[in-house]
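Structural description and commentary
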There are 2 protein chains.
Amino acid sequence: MFSAMGNDARLRIMRLLLTAHPEGLVVSEIQDELEIPNSTLSHHLDKLRSEDLVHVRREGTFLRYTANTEALQELLQFLYAECCTRNKAVKPQSIVQICK
Amino acid sequence: MFSAMGNDARLRIMRLLLTAHPEGLVVSEIQDELEIPNSTLSHHLDKLRSEDLVHVRREGTFLRYTANTEALQELLQFLYAECCTRNKAVKPQSIVQICK
DNA sequence: TCTGTATTTCTAGTATTATCGAAATATGAA
DNA sequence: TTCATATTTCGATAATACTAGAAATACAGA
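None of the values given here were measured: they were computed from a predicted structure. (Residues numbered from 1 in each chain as written. Chains lettered and ligands numbered in written order. Predicted model: local features only at pLDDT ≥ 70, side-chain atom pairs only at ≥ 80, totals over all residues.)

With respect to the protein's contact with DNA strand C
In the vicinity of DNA strand C there are 21 residues, among which Ser39(A), Gly60(A), Val27(B), Ser28(B) and Ser39(B) approach most closely. At the level of secondary structure, the elements contributing two or more residues to the surface near DNA strand C comprise helix H4 (38–50) of chain A together with helix H3 (27–34), helix H4 (38–50) and strand E3 (62–67) of chain B. Broken down by element, the residue count for the surface near DNA strand C peaks at five residues, all from H4(B). Each residue belonging to the surface near DNA strand C can be placed in one class, and the counts come to eight nonpolar, eleven polar and two charged. (Near = placed C-beta within 6 Å. Helix = DSSP H or I, 4+ residues; strand = E, 2+ residues; numbered from the N terminus. Nonpolar A, V, L, I, M, F, W, Y, C, P; charged D, E, K, R; others polar.)

Quick look at the sheet that holds strand E3 (residues 62–67) of chain A
Residue and element names in this part refer to chain A. Taken in spatial order, the three strands make up an open sheet running E1-E3-E2, and their pairing is antiparallel. Two strands in the sheet have a free side with no partner beyond their single neighbour: strand E1 (25–26) and strand E2 (54–59). The pairing of E1 with E3 spans two bridges and is antiparallel. Note on E3: the bridge partner recorded for Val 26 is Arg 64. (Pairing = 2+ DSSP bridges.)

Re the relation of the copies chain A and chain B
Once chain A has been moved 0.0 Å along the axis and rotated by 180°, it coincides with chain B to within an RMSD of 0.0 Å. The transformation relating the two chain copies, once decomposed into turn and shift, fits a two-fold axis. A high fraction, 100%, of the interface residues of chain A reappear at the interface in chain B, so the copies pair face to face through one surface. (Least-squares fit on C-alpha atoms with pLDDT ≥ 70 in both. Contact = placed C-beta atoms within 7 Å.)

The quantities given are spatial measurements derived from coordinates; they are silent on function.
Below, the structure is given as structure tokens:
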């Protein structure tokens, strides 16, 4: 997942999908917003899907992509556990207070 | 940073350094633990350093690497903000309760 | 200075990833 | 069925990244 998020185009896609959450966006909307050629975009979406970071469903001619929040939660939990719980390298407050 | 953490060898290095935090480890200790050839390891450490995910300091013949917790905190905050604060896609509790 | 150990740099081969135009496929509507 | 639109697949190229042996460099101690 880190690897999938580590590409600029894909990170932009994820952020865009989060902004549009929970409705998500269809491919052409993503394309208009990010100005990525369709074949390139399709490739990136495929990668995000194979890493389970997004969900897809068909709506007639369109394909609607949404962020998979469970996967993101997992990623966040992993990082949190590594840094805060398991190793106490980062203070939980520094993250938590942002949520208030 | 996601890209740097997205490589298996480098993620293992980061986890190891977090376990050894705040003392960190010298290169040969990392090498013994993870069994990565020295030149390959050096390359990965260089990448982690260029992404500011680790700190290095010389101790005589040895180089001691430590996890840069500020960078990790930044990464965590970014992800938290994207998922929980800015877009409310993930419930803060699902992360926070792990820290209790 | 010489020696041994730690680590990096050099070099190069291989593999993976990114990019995107063009063609193909999928769907719905007329 | 034909058309128009949405999206993917194909195919090819370029760019990056991974890996690691061998040589070079850095340092400390004798």
